[in-house]
Amino acid sequence: MLLRAFTTALLSLSLAACATLPAPQSTAAPTPTRFEAGMVSAADPRAAEAGAEILRKGGSATDAAIATMLALTVVEPQSSGIGGGGFYVRGNADGMVDTIDGRETAPALAKPDWFLDSDGKPLPFREAVASGLSIGVPGNVALAAEAHRRHGKLAWRDLFAPAIRLARQGWILSERGRDFLLRNKATGMRDKAAAALFYDAGGEPLPVGTKLTNPVLAETLERIAERGSQAFYNGQDGADLAIAVARDTPRKATMTEADVMNYKARYRKPVCGTYRAYKVCGMGPPSSGATTVLSILGMMERFDLSQMSASSPTFWHLFAEAQRLAYADRERFLADPDFVSVPVPQLIDRDYLAHRSGLIRADKTAETVEPGLDLIPPDGDEPPENGTSHFAVVDRDGNAVSYTSTIEGPFGSGLMHDGFFLNNELTDFSFVPEKDGLPVANRVEGGKRPRSSMAPSLVYGPDGKLVLAVGAAGGGTIPVQVTKSIIAFIDWKLPIAEAIAVPVLYSPDDTVIVEKGSALEALIPGLKALGHARVVAYSLPLKTNAVAVTSQGLIGAGDPRSEGVAVSQ
Ligand code: GLU
């Protein structure tokens, strides 16, 4: 019953996601770029170039990743930026990995009924997004400051130069950028300041090719460049941010200056596991990224995938079944570890995953799928998202950063503050605080961080050396995009650009969604013959970025479904 309700919700939400997405583009493999020096892969060429510029100046992978995050705030404002949060996974060439959680945080006054109306019913999703209720205290600036303190080489202010230049001198509105403005007018125009930047007087998005500037954002970035992260969180700046959010929040209990001032980026223990002879490391809770990636990989490991390919229905069937099992656990157990005890070691334990994998049959679909551990009450449904940007950097010393940054949905909450969009990350919480009389793990609580799907990952080879930095945008599909790319890279030995281009099948429960317009549509009858009752083709919000370390040097790639590219030092 619960699973069925979730499927229905997922389907309708997937459809909602389609309505706000650019039409799917060809999934033909792009030509990979190959370089010997450091490299940056990002969803926007201007942002990748910003990172590469910092590498050329002698910056570390961390420096370049921060510059990329800042540049994305300017040129891909619909997806990520300093008004949102992110997760940073940094490793050296030999596998010493650090992870920093810069996830947005709920105001201290937030209670489990945050998203309920006066009758105790969940607010309509869009209504919740388009208000201060959805805005968490942004984490990216604190994350960047902490990462820079630990792993930066250049001066902090130098990292801001490319983004400030873009904001001041301008950047060209791309087709994809305009498409987002067109499809998300309600959010993109909610704030007058944003409307004035991106739309004409008649409410139409400015034409493709327009040179856009954002002088207010340039000033904000200059302040943070000069005064550090306190120019975001402390004093009048922090107070102004809280006031802007409070003004937009239909409740008395709201974000305060203290919430902003007290924000901390947190070091979290990296979550690492093995897949065949490889080590895969990523972001633990409050992200469900690494546990879900490792769970799917762990269940797939007993099958000889090297004998299968992207055109094998059996592969996609096994992949769908492993996803169902992994997402059942994710739904039940993953939330902010400062509030809920998340059984990470058990969830990625090899024996446990071998047992879960034993539930998968190559010739038949499992009728129902339940979580495998019985520890915490079930979680709520989660809508898909279309914000977010992943970027991967490897510097010439072999240090790597895999960083996923987000403002959640397209243009976040739609509230623009000091030239950047404020996130709607709090809608990643479960709106429903209780299910079957039990508290939901991912319910809203004061000071809590909403569960994420973001899965910035690093992969180390049999010799312990870095082979891949990879991650993706696309809400709940993120762990699947990352897992699929890792399998294609390791088992099928595809160059990373082709591994990213392999289509996606997403099956978080008993509905199988295949990427619309991809070769997987032809496999629908085969999948149905294996017992998958509902197999549907939808446009999925897919956007993976990666850099691979190969015997020919670094090879980076963006997703052919996006404008992403890799740029060398
Ligand atoms: N807010 C989402 C998360 O943290 C990501 C949004 C997206 O990728 O579209 O899981």
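All residue numbers refer to positions counted from 1 along the written sequence of the respective chain. Local features in this predicted model are restricted to residues whose pLDDT is 70 or higher, and side-chain atom pairs enter the listing and the counts only when it is 80 or higher, whereas totals over whole chains, interfaces and linings include all residues. Derived side-chain values reflect all non-hydrogen atoms in the structure, with water molecules and hydrogen atoms excluded from consideration.

## Remarks on the site of the ligand
Logical step 1: Not every one of the 16 residues close to the ligand is listed here, only the nearest: E425, D428, S453, G474 and G475.
Logical step 2: Any pair of nitrogen or oxygen atoms within 3.5 Å is treated as a polar contact; in protein, a donor-acceptor pairing is required on top of that, and neighbouring residues in sequence qualify only through side-chain atoms on both sides. Within the side chain of E408, a nitrogen or oxygen atom sits 2.8 Å from a nitrogen atom of the ligand.
Logical step 3: In this structure, an oxygen atom belonging to the ligand sits 2.8 Å away from a side-chain N or O atom of S452.
Logical step 4: Notes on the ligand: free accessible area 300 Å², of which the protein chains cover 100%.
Logical step 5: Residue composition of the shell around the ligand, by class: three nonpolar, eight polar and five charged. Here a residue is near a molecule or strand as soon as one of its heavy atoms is found within 4 Å of it. Areas reported as accessible are Shrake-Rupley estimates using a 1.4 Å probe. Residue values count occlusion only from the protein chains shown. Nonpolar residues are Ala, Val, Leu, Ile, Met, Phe, Trp, Tyr, Cys and Pro. Charged residues are Asp, Glu, Lys and Arg, and all others, Gly as well, are polar.

## Focus on the packing of aromatic side chains
Logical step 1: Working definition: a ring pair exists when centres of Phe, Tyr or Trp rings (six-membered ring for Trp) sit within 6.5 Å. Plane angles under 30 degrees give stacked, over 60 give edge-to-face, the rest tilted. Throughout the structure, instances matching the rule amount to 15 aromatic pairs.
Logical step 2: With 5.8 Å between their ring centres and 65 degrees between their planes, W316 and F319 make a pair best called edge-to-face. Taken together, the positions of W316 and F319, both in helix α15 (residues 313-333) and three residues apart, correspond to about one turn of that helix.
Logical step 3: Here F319 falls in the buried class, since its relative accessible area comes to 0%.
Logical step 4: Members of the aromatic cluster, connected to one another through ring pairs, are F232, Y233, Y263 and F420.
Logical step 5: Stacked on the ring of Y460, the Lys or Arg K279 has its end atom at 5.4 Å from the ring centre. Every helix listed is a DSSP run of H or I at least four residues long, and every strand listed is a run of E at least two residues long, numbered separately from the N terminus. Relative accessibility decides the category of a residue: with a 1.4 Å probe and only protein chains considered, values under 20% of the type maximum give buried, values over 50% give exposed, and everything between is partly exposed. Counting as a charge over the ring demands two things of the Lys NZ or Arg CZ atom: a distance within 6 Å of the ring centre and an angle within 35 degrees of the ring normal.

## Some thoughts on the confidence of the model for the protein
Logical step 1: Across the protein, the average pLDDT comes to 91, with 91% of residues at 70 or higher.
Logical step 2: The predictor reports its confidence for every residue as pLDDT, a score running from 0 up to 100. Throughout, a residue-residue contact means that at least one pair of heavy atoms, one from each residue, lies within 4.5 Å. Per-residue pLDDT stays below 50 along residues 1-35; that stretch engages in 79 contacts with residues further than four places along the chain or on separate chains.
Logical step 3: Predicted confidence is poor over residues 374-385, with pLDDT under 50, and the contacts of this stretch with residues over four places away or in other chains come to 55 contacts.

## Brief notes about unusual backbone geometry
Excluding glycine, a negative phi dihedral is what most residues carry, and trans is how most peptide bonds are arranged.
Logical step 1: Note the cis peptide between P285 and P286, where omega equals 15 degrees.
Logical step 2: The phi dihedral of R276 falls on the positive side, at around 55 degrees, and the residue is not glycine.
Logical step 3: Summarising the element assignment, R276 is placed in the loop between β8 (271-275) and β9 (278-282).
Logical step 4: Positive phi outside glycine occurs at F411, with the angle close to 65 degrees.
Logical step 5: Taking relative accessible area as the criterion, F411 reaches 1% and is therefore assigned buried.

## A few points about the state of the cysteines
Logical step 1: Throughout, a disulfide means two cysteine sulfur atoms within 2.5 Å of one another. This model, assessed by the stated rule, comprises one disulfide.
Logical step 2: Between the sulfur of C272 and that of C281 lies a disulfide, 2.1 Å long from S to S. Here C272 and C281 share a disulfide; its torsion about the S-S bond, 110 degrees, makes the bridge right-handed.
Logical step 3: The class of C281 is buried, set by a relative accessible area of 1%.

## Structural notes on the sheet that holds strand β18 (residues 505-506)
Logical step 1: By this definition, two strands are paired if DSSP reports at least two bridges between them. Taken in spatial order, the three strands line up as β18-β19-β20 in an open sheet, and their pairing is mixed. Since the sheet does not close on itself, it has two edges, and those belong to β18 and β20 (534-538), each with one partner.
Logical step 2: Looking at chain direction, strand β19 (residues 511-515) and β20 are connected through five bridges and run parallel. Residue pairing across strands places T511 opposite R534, the latter belonging to β20.

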